[in-house]
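The residues making up each chain are set out below.
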Amino acid sequence: DTPLLESDFYRFQEGLTPRERESLGQLRAYLEAEVRPIADQYWARAEFPTQTIAPLAELGMYGPSIPLVRHFENSAVFRGWAALELGRIDAGVSTFIGVQSGLAMNSIAVGGSDEQQQEWLPRMARGEVVGAFGLTEPLSGSDSARGLRTTARREGETWVLDGEKRWIGNATFADVVVIWAKDVADEQVKGFLVTTDTPGFTATKIEDKIALRTVQNADIVLDGVRVPESRRLQRADSFRTTAAVLRLTRTEVAWQAIGIAIGAYEAALDYARERIQFGKPIAAHQMVQDLLVRSLMNITASIALCTQASAMQDQGIGGDEHSAMAKAFATAKMRETVGWCREVQGGNGIVLDKGVARFFSDAEAIYSYEGTREVNTLIVGRAITGQAAFV
Ligand code: FAD
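Residues numbered from 1 in each chain as written. Predicted model: local features only at pLDDT ≥ 70, side-chain atom pairs only at ≥ 80, totals over all residues.

## Here we look at the overall build of the chain
- Looking only at helices and strands, the chain has 11 helices and nine strands in total.
- For the chain, the C-alpha radius of gyration of 21 Å lies close to 21 Å, the compact-globule estimate for 391 residues.
- Along the three orthogonal principal directions, the C-alpha set of the chain runs to about 80 × 45 × 45 Å.
- Within the chain, buried positions represent 50% of all 391 residues.
- Within the chain, residue pairs in contact and separated by at least 24 positions form 75% of the contacts whose partners lie at least 6 positions apart. (Helix = DSSP H or I, 4+ residues; strand = E, 2+ residues; numbered from the N terminus. Rg over C-alpha atoms; globule rule 2.2 N^0.38 Å. Buried ≥ 20, exposed ≤ 12 C-beta atoms within 10 Å, placed from the backbone. Contact = placed C-beta atoms within 7 Å.)

## Let's talk about the nonpolar core
- Formed by 117 residues in total, the largest nonpolar core has its most connected members in Ile258 and Ala264.
- Ranked by residue count, the leading element in this core is helix 7 (residues 239–274), at 17 residues.
- With residues up to four places along the chain from it excluded, the contact list for Ile258 reads Leu84, Ile299, Ser302, Ile303, Cys306, Ala330 and Met334. (Core = buried A, V, L, I, M, F, W, Y, C linked by C-beta atoms within 7 Å.)

## A short note on the UniProt feature "domain: Acyl-CoA oxidase/dehydrogenase middle" (unreviewed entry) in the chain
- Per the UniProt record, "domain: Acyl-CoA oxidase/dehydrogenase middle" (unreviewed entry) is annotated on residues 132–225.
- Spanning residues 132–225, this segment combines 4% helix with 52% strand, and its end C-alpha atoms are found 17 Å apart. (UniProt positions renumbered as here; feature names shortened; annotations may be inferred.)

## Notes on the site of the ligand
- Near the ligand you find 21 residues, and of these Leu135, Gly141, Ser142, Thr372 and Glu374 are the closest.
- Only strand 1 (131–134), strand 3 (158–169), helix 10 (357–368) and helix 11 (373–385) provide two or more residues apiece to the shell around the ligand.
- Top element by residues in the shell around the ligand is strand 3. It accounts for three residues.
- In terms of residue class, the shell around the ligand is made up of 11 nonpolar, eight polar and two charged. (Near = placed C-beta within 6 Å. Nonpolar A, V, L, I, M, F, W, Y, C, P; charged D, E, K, R; others polar.)

## Here we look at the UniProt feature "domain: Acyl-CoA dehydrogenase/oxidase C-terminal" (unreviewed entry) in the chain
- Annotation from UniProt places "domain: Acyl-CoA dehydrogenase/oxidase C-terminal" (unreviewed entry) at residues 242–384.
- When the span residues 242–384 is considered, its composition is 78% helix and 3% strand, and the gap between its end C-alpha atoms is 23 Å.

## Here we look at the packing of helix 7 against helix 10
- Packing of helix 7 against helix 10 leaves a shortest axis separation of 10 Å and a crossing angle of 165°. For the element pair helix 7 / helix 10, the angle class is roughly antiparallel. Handedness of the crossing formed by helix 7 with helix 10: left-handed. Facing helix 7, whose interface residues are Val253, Gln256, Ala257, Ile260, Gly263 and Ala264, helix 10 presents Phe359, Phe360, Asp362, Ala363 and Ile366.
- Grouping the constituent residues of the contact of helix 7 with helix 10 by class yields eight nonpolar, two polar and one charged. (Axes fitted to C-alpha atoms, helices over the stretch in contact; angles between N-to-C directions. Parallel < 35°, antiparallel > 145°, perpendicular 65-115°, else oblique. Left-handed = near helix turned anticlockwise from the far one by under 90°.)

## Side note on the pairing of strand 2 (residues 151–155)
- The sheet contact formed by strand 2 and strand 3 spans five bridges and is antiparallel. Bridge assignment links Glu155 to a residue of strand 3, and that residue is Thr158.
- Linkage of strand 2 to strand 3, two consecutive antiparallel strands, is achieved through a turn of two residues, within which Gly156 is found at a positive phi near 65°.
- As defined by bridge partners, strand 2 adjoins strand 4 (residues 176–183) across two bridges and the pair is classed as parallel. Counted as the bridge partner of Ala152 is Asp183 from strand 4. (Pairing = 2+ DSSP bridges.)

## Topic: the confidence of the model for the chain
- For the chain, mean pLDDT is 97; residues scoring 70 or higher make up 100% of the total.
- In the predicted assembly, ipTM is 0.99 and pTM is 0.98. (pLDDT = per-residue confidence, 0-100.)

## Let's talk about the environment of Val351
- Take Val351: it is sitting in the loop between helix 9 (320–344) and helix 10.
- On the basis of neighbour count, Val351 is assigned to the exposed category, with 12 C-beta atoms found within 10 Å.
- With 227 residues separating them in the primary sequence, Val351 and Met124 have C-alpha atoms 36 Å apart.

## Considering the packing of helix 8 (residues 286–314) against helix 9
- It is the contact of helix 8 with helix 9, at a shortest axis distance of 9 Å, that shows an interaxial angle of 160°. One way to sum up the angle between helix 8 and helix 9 is to call them roughly antiparallel. For the pair helix 8 and helix 9, the crossing hand works out as left-handed.
- Of the residues that constitute the contact of helix 8 with helix 9, the class distribution is 15 nonpolar, six polar and four charged.

## Here's the deal with unusual backbone geometry
- With a phi close to 65°, Glu187 is a non-glycine residue in the positive phi region.
- As for its position among the elements, Glu187 is in the loop between strand 4 and strand 5 (189–195).

## Description of helix 11
- An ideal rise of 1.5 Å per residue puts 18 Å on 13 residues; helix 11 measures up with 18 Å between its terminal C-alpha atoms.
- Elements in contact with the buried residues of helix 11: helix 9. (Expected span 1.5 Å × (residues − 1).)

## Examining the environment of Ile260
- Residue placement: Ile260 occurs in helix 7.
- Each C-alpha atom of the pair Ile260 and Pro64 lies 21 Å from the other, and the pair is 196 residues apart in sequence.
- Residues in contact with Ile260, not counting those within four places in the same chain, are Gly87, Ala91, Met334, Val338, Phe359, Asp362, Ala363 and Ile366.

Shown next, in the form of structure tokens:
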């Protein structure tokens, strides 16, 4: 039987099915044995550990929500816990999966025809094909719904794509990138499966990041890239499809943020038990206990919120505002928590091998991607007031 995470203070994981808990146990064992020991090194070198791609496929991490490829029937709450377990060990590997499975595969599952799903999803689920998701541009981040400048022009059975993308995760080594572009004819956003060997496509790694260093983010240039109509996502006719994909992934990013907070909290707790100051472990000082308990409170409140957000997704009643609040809340609480955990470690909190520093840094990227706190707040604000305040 898979033990509960100690940091799951209110035993939420008990609500999962035995099969789900078994799967999480296998994931945790793999991450502890193979990923935890190398995570800091790869982070420092800003490289992605590609050796994890195949084992994570065997663990069923690519497309667990997609009936065509999933290993077993499972709940959104289970998938949230998987994102948490991944984030708890390595936010880089967890983000790789968020892009491959959450963004790229879900785009095909939601927007692709049956043939397109058959063509791409099984190979992606096996990790043979790596995907990326190209929405953000140099001049359009939070306002991607209206501000996309990348264009798609139809010439018979071929589309010609021109424009630039920024921040595209996995794109330096991906096989296929879902490119979102505006059709010049009807001004609607459409999705295209662009293989990275297509002439006119270039991806250049963004260097010198201080967060999520293992994730290979790229600037992409599309210069007259020609894509056949058969590679246009057949059921993606407007930004509504893009938004539907983001609604699915946002809640998982919230869960991932809790994992990051837990990773930092566990390292801080271990440290506090061992570090002696003023003749006793710092864990015995009241103000240090306060930081640790407040961290656990943030984690626990976030788990409670995300459990319900995912359960509502399972019931088909989760709206944009529910995933937006989960993401905004959990990432804000994560950011506060990793700061407190770094504080518990004093000066050592800024050194990688003490176990908090990587989570502390990575938290900054998770805080801003998949909708910043402000944008997710405005999505909730629109829902409760009926007033859209984005513009
Ligand atoms: P901006 O939109 O320029 O925002 C800057 C600031 O202004 C933010 O604080 C924002 O909240 C605030 N702001 C903007 N508009 C408003 C408003 N109306 N009201 C109040 N405040 C506002 N994108 C992809 O397409 N694919 C990927 O794989 C991908 N991976 C990423 C990985 C990393 C590590 C990072 C950092 C980003 C990634 N992104 C990716 C892009 C990410 O989604 C964007 O960074 C994010 O949407 C924010 O856009 P921006 O960075 O352009 O910031």
